[in-house]
Amino acid sequence: MTAALFALADRVACVTGASSGIGRAIAGAFARAGAAVVGVARREAKLRDWVAESEAAGGRAAACALDLADGSAVAGAAARLSAPFGAPDILVNAAGINLRESADAVTPESWQETLEINLSVPFFLARALVPAMRDRGWGRVINIASLQSERAMPNSIAYGASKGGVAQLTRAMAEAWSRDGIACNALAPGFFPTELTAPVFENEAAVARNAAQTCIGRNGRDDDLVGPAIFLASPASDYVTGQVLFVDGGFTAK
Ligand SMILES: NC(=O)c1ccc[n+]([C@@H]2O[C@H](COP(=O)([O-])OP(=O)(O)OC[C@H]3O[C@@H](n4cnc5c(N)ncnc54)[C@H](OP(=O)(O)O)[C@@H]3O)[C@@H](O)[C@H]2O)c1
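Summarised in this report is the structure supplied together with it. If you're wondering where the values come from, they're calculated on a predicted model, not measured in any experiment.

What counts, and at which threshold
In this convention, every chain numbers its residues from 1, walking through the sequence in written order. Selection of residues for local features in this predicted model requires a pLDDT of at least 70, selection of side-chain atom pairs for listing and counting requires 80 or more, and totals for whole chains, interfaces and linings are taken over all residues. Exposed residues have 12 or fewer other C-beta atoms within 10 Å of their own C-beta, buried residues have 20 or more, and partly exposed residues fall in between, where C-beta atoms are placed from the backbone. Strands here are runs of E lasting at least two residues and helices are runs of H or I lasting at least four, both read from the DSSP assignment and numbered beginning at the N terminus. A pair of strands is considered paired only if DSSP assigns at least 2 bridges between the two. A crossover gets the label right-handed when its path from the first strand over the helix to the second runs clockwise, viewed with the strands pointing away from the viewer. Proximity of a residue to a molecule or strand is defined by its backbone-placed C-beta atom lying within 6 Å of that partner. Only Asp, Glu, Lys and Arg are considered charged in this grouping, and only Ala, Val, Leu, Ile, Met, Phe, Trp, Tyr, Cys and Pro are considered nonpolar; every other residue, Gly among them, is considered polar. Take the number of residues in a helix, subtract one, and multiply by 1.5 Å to get its expected span. Throughout, bend refers to the angle between the axes fitted to the seven residues that end at a position and the seven residues that start at it. Angles here are taken between N-to-C directions and fall from 0 to 180 degrees, while the axes themselves are lines fitted to C-alpha atoms, restricted in helices to the stretch in contact. Just so you know how the angles are binned, under 35 degrees is roughly parallel, over 145 roughly antiparallel, 65 to 115 roughly perpendicular, and the rest oblique. Here a crossing is called left-handed whenever its near helix is offset anticlockwise from the far helix by less than a right angle, and right-handed whenever the offset is clockwise. Throughout, a residue-residue contact means that the two C-beta atoms, derived from backbone geometry, are no farther apart than 7 Å.

## A closer look at the pairing of strand E1 (residues 12-16)
Burial runs high along E1: five of the five residues are buried. The side-chain alternation of E1 yields two buried faces, one formed by Val12, Cys14 and Thr16 and the other by Ala13 and Val15. Inspection of the sheet shows E1 paired to strand E2 (residues 36-41) by five bridges, in the parallel sense. When the bridges of E2 are listed, threonine 16 appears paired with valine 40. Between E1 and its parallel partner E2, the chain crosses via helix H2 (residues 21-32), and the hand of that crossover is right-handed. Pairing of E1 with strand E4 (residues 90-93) involves four bridges; the strand directions are parallel. Looking at E4, one finds that alanine 13 is bridged to isoleucine 90.

## A few points about the site of the ligand
Within the structure, the ligand sits among 29 residues, and Gly21, Arg42, Gly96, Thr194 and Leu196 are positioned closest to it. Take the shell around the ligand: its biggest share by element is three residues, from H2. Here the residues of the shell around the ligand sort into 14 nonpolar, 10 polar and five charged.

## Notes on helix H6 (residues 108-136)
For H6, with 29 residues, the first-to-last C-alpha span of 40 Å sits near the 42 Å given by 1.5 Å per residue. A bend of about 45° at serine 120 is the largest found in H6, and the proline proline 122 appears one to four places after it. Within H6 the residues assigned to the buried category are Thr114, Ile117, Asn118, Leu119, Val121, Pro122, Leu125, Ala126, Leu129, Val130 and Met133. Phi turns positive one or two residues past the end of H6, at glycine 137, with a value near 75°.

## A few points about unusual backbone geometry
The backbone of arginine 100 sits at a positive phi, close to 50°, despite the residue not being glycine. Among the structural elements, arginine 100 can be located in the loop between E4 and H6. By the C-beta count within 10 Å, which is 15 here, arginine 100 ends up partly exposed. One non-glycine residue, asparagine 155, lies in positive phi territory at about 55°.

## Here we look at the packing of H6 against helix H7 (residues 157-177)
Taken N-terminus to C-terminus, the directions of H6 and H7 make an angle of 15°; their axes are 9 Å apart at the nearest point. Regarding the angle of H6 to H7, the classification is roughly parallel. Crossing of H6 against H7: the hand is right-handed. On the side of H6, the interface is formed by Ser110, Trp111, Thr114, Leu115, Asn118, Leu119, Pro122, Phe123, Ala126 and Val130, while H7 contributes Ala158, Tyr159, Ser162, Lys163, Gly165, Val166, Leu169, Met173 and Trp177. Taken together, the residues that form the contact of H6 with H7 break down as 13 nonpolar, five polar and one charged.

## Observations regarding the environment of leucine 245
Along the polypeptide, leucine 245 turns up in strand E7 (residues 244-247). Residue classification places leucine 245 among the partly exposed positions, given that 19 C-beta atoms sit within 10 Å. When the C-alpha positions of leucine 245 and leucine 232 are compared, they lie 9.3 Å apart, and in sequence the two are 13 residues distant. Sequence-distant contacts of leucine 245, that is, excluding residues within four places in its chain, are made with Asn185, Leu187, Ala188, Pro228 and Leu232.

Take a look at the structure:
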């Protein structure tokens, strides 16, 4: 009974950002949990690495090298993403960027680039994959929000705006698609060491300050997201939609 609630066997998942960090951790965990996983990112070599690692662990994984900044590639992505294992039942929108510019340094181009990858792509990619989920009467969209969906931080005005948008996008997706059996939720990680946060983790004082702000007393580790991601991808969360689940060690509770 409990195992069935959290089962991902026979599911097909698409995870963007699978070449690195949080996306890679979730993509690997889904493959280990029995899903067939299509990983999306630009860097082919890193995707191949993830596929090899997943297959060595007995999982099914396929790489799809795609620049998500290319709008036409996103619009036509459904066929490519469905080619390896069939149409995805689960979409995790984990690709993201933070250009770390001060408010004074942001340009229209850098603003647009951030909003495109972090906010527009999750919507348009989901919309491309929703028809097949709707036909099946079951689906999952999992967005990746942030502490900055709720908190302002330095040198991140475009990123913060995009992540505030992701929280609301998640609720709007739920309103649009939940009646078709498609639950739409977001994970909001605290501070996790990845390529994106390398500049923060190079600063020992900032690492300690962020850890001290949590209730648990430490920053995140990749595996901390695995349970929540499997929960939101599996039948265990059938009546959960439109929610932002903070996986932040209690950072936002204080
Ligand atoms: N790390 C944290 O503490 C933290 C906290 C809160 C939220 N988040 C969010 O978690 C998500 C993952 O971030 P991360 O920390 O794991 O960072 P990361 O290690 O830098 O991973 C970012 C991923 O996005 C992909 N990506 C970026 N631009 C792309 C594009 N144009 N086309 C296709 N793929 C693209 C990258 O792949 P390629 O470079 O190979 O294309 C990479 O796989 C992001 O949405 C981020 O905002 C992270």
